[in-house]
Structure formats: C-alpha cells, structure tokens
Amino acid sequence: MNALDKSLRAIAEEFSPAVLAHSLQAEDMVLTDVIARAGLPIELFVLDTGRLHADSLYLIEKIRRQYGIDVRVYAPDADAVSEYVRRHGRDAFYGSVELRKRCCEIRKVEPLARALAGKRAWITGQRRAQASSRAKLAEREFDATHRLEKFNPLAAWTETDVWDYIRKQRVPYNRLYDQGYRSIGCAPCTRPVMPGEDLRAGRWWWEEAGQKECGLHITPDGRVVRTKETA
C-alpha cells in the first residue's frame, strides 16, 4: 500500500462521509483512480458552472463508464446566473476582478457549499507547486468556512509525479492537456499555456498573478490559509 492509498483510506475510515471535489484536472484523476481501485467510500462531485469545456464534460461520463462510480454534478442557481447576466453581461468577468469573483461566487462557491453540506471532510487535488499562493499548502487543513476537515493529499507532488502516475496506470485524463492546457477551469477563463509560462498562466490570464483564486479555497475573511489546525 503506497502513501497516497494509505492516506485516502484513513480519510475514508475516520471522516466519513468524505467527498472529492473533482476539478476534472489530472490531479483529481489520480485521486479518482486510487479511490476506485481501492473501492473507497469517498463520493465524487463536480461543479458544472455552465461554462465548462466540452472535453471536461465528456470526462464526467468517462469516469462513470470506466470506473463504474457515480459523479454528482452541482449547478449554479439559475436565477442568480440570469440576474448576473442581465445586470452585467454574460462575459462581464473580463471587465474587473470584482465581476470575475462575483461570477465565480455564483457558479462555483455557492454550489460548493451545497456539495459539502452534511460532509465531514473534503478532498482536493491542490499541489504546492501549482501557484505561489499554494506554496505553504498543508496536507490537512481545517476549512473554517464550511466547518469541516479539508485534505490535500497531493500537496507535495510535482507535475511530473502526476503524469508519471497517469501514464503508468493508464488513467483517463482531460484531452485539453494535449492542446497545451496545464490548468483547466471554465472555457472563457482558461487558455493553453505558452512555452516558458507559469503553470497557471492560462487561468484568468488578463489578471495579475496574485489574484488568481476563485474563492473555493479562501477563508471567510478573504485569506488563503495554509496551516494545519491545531488543537
């Protein structure tokens, strides 16, 4: 039993019900593969923002078929989306950081709260090497917003580690990676990464690097906290 398998088993045993917040990126496919192979009672969910790439949506069905496990899909509140579009325009997020964050709040943050309701822990595919804001990412945190444990079992993994696992285990992955993407979110907010660019350069590329968080991993007071809760 390797370290990742052991970690996920412990989470499943000690913090049931636990869920994997699936971003449809390579890291979460690694976690999905381990969960499925071990038959762990960890649920999977996806936040379908209504603006995802077709390749991302296809991967949901691929997971269901190949692993025989369910993927719960949470959509944003239709009225909130309609009101945002009516007041600001469908792609208003290009206009300001505030409007982009409001869009993320409607399409991602609020559905996340519903997905985590009643759970004791959630698991993510975040890694320290993904961004400077994640450099101090702990493998275990306390999510003060949702009041539950949060685990980042791939925190110490490199991008090479992720792809070595995917190739060795023949894990299905989002085909956008074959088109130059290295970090994948909503279609209008993601582009391929150019040679020499940072890993997350293709996410919200029109904004300053320090602002590139959508709110899913932010504390109630707006901070990105990366320290394990102490007793």
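Everything numeric in this text was worked out from a predicted model, so none of it was measured. (Residues numbered from 1 in each chain as written. Predicted model: local features only at pLDDT ≥ 70, side-chain atom pairs only at ≥ 80, totals over all residues. Heavy atoms only, no water.)

Student: Please clarify how empty space enclosed by the protein should be interpreted in this entry.
Tutor: The method is simple in principle: a probe with the dimensions of a water molecule rolls over the atoms, and the space it marks as empty is what remains. In total, this model carries three cavities of 30 Å³ or more according to the counting rule given. As a volume, the second largest cavity reaches approximately 100 Å³. Together, 14 residues line the second largest cavity, and Cys-104, Lys-108, Cys-186, Cys-189 and Trp-204 are the ones closest to its centre. In terms of residue class, the lining of the second largest cavity is made up of seven nonpolar, two polar and five charged. (1 Å grid on protein atoms, 1.4 Å probe; cavity = no way out; pocket = protein on both sides within 12 Å on 5 of 7 lines; lining within 4 Å. Points joined across faces, edges and corners; volume = space filled by probe spheres on them. Nonpolar A, V, L, I, M, F, W, Y, C, P; charged D, E, K, R; others polar.)

Student: It is not clear to me how the packing of aromatic side chains should be interpreted in this structure. Could you clarify?
Tutor: The relation between two aromatic rings is expressed through the spacing of the ring centres and the mutual angle of the planes. If you walk through the whole model with that rule in mind, you get 10 aromatic pairs. Ring plane angle 85° and centroid distance 5.9 Å describe the contact between Phe-45 and Tyr-74, whose orientation is recorded as edge-to-face. Taken as a pair, Phe-45 in strand β2 (residues 42-47) and Tyr-74 in strand β3 (residues 72-74) lie far apart in primary sequence, 29 residues in all. For the pair Phe-45 and Tyr-74, a shared accessibility class is recorded, and that class is buried. A ring pair is formed by Tyr-94 and Trp-205, whose centres lie 6.4 Å apart and whose planes are at 55°; its orientation type is tilted. In this pair, Tyr-94 is assigned in the loop between α4 (78-88) and α5 (97-116) and Trp-205 in the segment after α6 (159-169), connecting sequence segments 111 residues apart. The class of Tyr-94 is partly exposed, set by a relative accessible area of 37%. (Phe/Tyr/Trp six-rings, centres within 6.5 Å; stacked < 30°, edge-to-face > 60°. Helix = DSSP H or I, 4+ residues; strand = E, 2+ residues; numbered from the N terminus. Buried < 20%, exposed > 50% of the residue type's maximum accessible area, 1.4 Å probe, protein only.)

Student: Help me out: how do you make sense of the environment of Lys-108 in this one?
Tutor: For Lys-108, the location among the structural elements is in helix α5. Overall, the relative accessible area of 11% leaves Lys-108 in the buried class. Placed 59 residues apart in sequence, Lys-108 and Thr-49 show a C-alpha to C-alpha distance of 6.4 Å.

Student: Would you take a moment to explain the confidence of the model for the protein chain for this structure?
Tutor: Do not read the fine detail of predicted coordinates wherever pLDDT is low. Per-residue pLDDT for the protein chain averages 91, and the proportion of residues at 70 or more is 90%. Contacts for the low-pLDDT stretch residues 222-231, under 50 throughout, to residues beyond four places or in other chains number 23 contacts. (pLDDT = per-residue confidence, 0-100. Contact = heavy atoms within 4.5 Å.)

Student: Explain the packing of helix α2 (residues 26-38) against α6 here, please?
Tutor: Relative orientation and spacing of two packed helices are given, respectively, by the angle between their axes and the distance between those axes. Two numbers describe how α2 lies on α6: the axes approach to 9 Å, and their chain directions differ by 45°. The pairing of α2 with α6 is recorded here as oblique in orientation. Considering only the axes of α2 and α6, their crossing is left-handed. Taking contact as the criterion, the partners of Ala-26, Glu-27, Val-30, Asp-33, Val-34 and Arg-37 in α2 are, on α6, Val-162, Trp-163, Tyr-165, Ile-166 and Gln-169. Taken together, the residues of the contact of α2 with α6 sort by class into seven nonpolar, one polar and three charged. (Axes fitted to C-alpha atoms, helices over the stretch in contact; angles between N-to-C directions. Parallel < 35°, antiparallel > 145°, perpendicular 65-115°, else oblique. Left-handed = near helix turned anticlockwise from the far one by under 90°.)

Student: Any chance you could explain the side chain of Asp-5 here in plain terms?
Tutor: Considering the arrangement of structural elements, one finds Asp-5 in helix α1 (residues 3-14). When residues no more than four places from it in sequence are discounted, the contact partners of Asp-5 are Val-34 and Ala-38.

Student: Is there a simple way to explain the pattern of salt bridges in this structure?
Tutor: Side chains that carry opposite charge are capable of pairing whenever their charged atoms lie near each other. Within this structure, the stated rule accounts for 15 salt bridges. Asp-70 is the partner of Arg-64 in a salt bridge, and the nearest nitrogen-oxygen pair spans 3.8 Å. One connected set of salt bridges, linked through shared partners, spans Glu-61, Arg-64 and Asp-70. (Salt bridge = Lys/Arg side-chain N within 4 Å of Asp/Glu carboxyl O.)

Student: Explain the pairing of strand β1 (residues 18-22) to me, please; I cannot follow it from the model alone.
Tutor: Working note: regular strand, side chains alternate between the two faces of the sheet. Of all five residues that make up β1, five are buried, and the element is covered over most of its length. Across the two faces of β1 the burial is the same, with Ala-18, Leu-20 and His-22 and Val-19 and Ala-21 all buried. When β1 meets strand β4 (residues 121-123), the two strands line up parallel, connected through three bridges. Paired with Val-19 across the strands is Trp-122, a residue of β4. (Pairing = 2+ DSSP bridges.)

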